[in-house]
Structure formats: structure tokens, C-alpha cells
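# Topology and contacts: notes
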Amino acid sequence: MVLRNGVVCDIHGERRIDIRVDEGIIAEIGENLNDEEVIDVSGCYIVSSLVVINVRLKDLQLSGKNLESLSREALRGGVGYALLSGENNPGVDDEITLEFVQKHCSIEHGARLGCVINGLDKTGKLSNISILLKGGGEGLYTKTITDYNQIIRMAQYLQTTDKPLFYR
């Protein structure tokens, strides 16, 4: 299908152009594109989906229902990817919780979800940061801590992965 005469907004600014979509994926952007199905979208703006970070769940409760609800509501609002905050409860500080979140990261008709892992576990000790980051954690979250050795170790782990630190 070709979307004709839409105003595309991207890093190059705004411009009126055609977009060909094949099986839900943009295949080509250009002028005077043709296809069997052509839809005139004059007056419509076409933007790529948004990315939001530091997303807190309803009541901060990490549950399958809340994750699925967030995913659907985010996509309805134009968000294609949402990164969960480390402040949700329970925090992602072990492999079981990470797997639970990943199970709900990509639902049909919803935005994709990612999560940061908590640098400290429930007891205040370093979580298994290396394994959790390799397992799919998108970054590391911590809040003010007084043990500078812990924050130094967290930073050292992050240097090996090129992933961000979310610090509160």
C-alpha cells in the first residue's frame, strides 16, 4: 500500500512525500510511488513512534496485567517503545523477575517494553548485574547509596556493556 501526500516529520524536518508499506513495514519513502492500493492521507502527519524512558507502572506494581495495559495504552498514544523505571515493585534484580518482564515485553497491538535492572537487590547487596545486563536489561538503576564501592562496581559493569545508568 502507498500512503500519498502525507507530511512526514523526521530528522530532516517536514516534507510532503509518499510512503510504501509492505506487510506493516515501511519499504520505501519517495515521490510518486505506486502500488495496487493507494490511500490519500493529505492533511495527515506521519511520524515515527516515540520512545519514552523511566516509565512507572500504575501503583508501581509489576504485574502482567499492568505491563499489558501499559503496552496497549502506550501504542495508542504513539509510543513504540517504553523503558520501565527501576522504581517499580518488585524491582528487576534477579533472573526470574527479568524473565517475567521479558515475557510481557512484546504483545500484539502494543508497544514494546524494556526494563532497567536494579543495581542492588532487596537486601542492599549488588544484584547479579553482569548476568542481568547480558540477559536483556537495558540499563542499570540505583538510588542514592552511601557505599561508594558499590557505585564504583556498578560503573565498572556498565563500562563493559555500554549501557546507561539511571541514578536517583
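Please refer to the structure placed before this passage.
Reading the values: rules and limits
Residues numbered from 1 in each chain as written. Predicted model: local features only at pLDDT ≥ 70, side-chain atom pairs only at ≥ 80, totals over all residues. Heavy atoms only, no water. Helix = DSSP H or I, 4+ residues; strand = E, 2+ residues; numbered from the N terminus. Buried < 20%, exposed > 50% of the residue type's maximum accessible area, 1.4 Å probe, protein only. Contact = heavy atoms within 4.5 Å. Areas by Shrake-Rupley, 256 points an atom, 1.4 Å probe, with all protein chains shown as cover. Lys, Arg positive; Asp, Glu negative; His and termini not counted. Charge placed at Lys NZ, Arg CZ, Asp CG, Glu CD. Patch = residues over 30% accessible without salt bridge, like charges linked within 9 Å, V, L, I, M, F, W, Y side chains within 5 Å. Salt bridge = Lys/Arg side-chain N within 4 Å of Asp/Glu carboxyl O. Expected span 1.5 Å × (residues − 1). Arc of directions from axis to C-beta.

### Points about the overall build of the chain
In terms of regular secondary structure, the chain is built from four helices and eleven strands. With respect to the three principal axes, the spread of C-alpha positions in the chain is 60 × 30 × 25 Å. Burial statistics for the chain: of 168 residues in total, 38% are counted as buried. The contacts of the chain with a sequence gap of at least 6 include a subset with a gap of at least 24, amounting to 63%. Just so you have it, the chain exposes about 10,400 Å², and 50% of that area is on carbon and sulfur atoms. With 18 positive and 24 negative side-chain charges, the chain shows a spacing of 9 Å between the two charge centroids.

### A word on a negative patch on the surface
A cluster of acidic residues, Asp22, Glu23, Asp35, Glu36 and Glu37, forms a negative patch on the protein surface. If you trace the backbone, glutamate 23 turns up in the loop between β2 (13-22) and β3 (25-30).

### Focus: helix α1 (residues 64-76)
For α1, spanning 13 residues, the distance from its first C-alpha to its last is 18 Å, which sits close to the expected 18 Å at 1.5 Å a residue. For α1, the full list of buried residues reads Gly64, Asn66, Leu67, Leu70, Ser71 and Ala74. Here the buried residues of α1 occupy an arc of 165 degrees about the axis, which is enough to place them on one side. When the buried face of α1 is taken as reference, the exposed residues oriented beyond 90 degrees from it are Lys65 and Arg76. Considering only its buried residues, α1 is in contact with β6 (50-55), β7 (79-84), α2 (95-103) and β8 (112-115). Of the residues one or two after α1, glycine 78 is the one with positive phi, at around 90 degrees.

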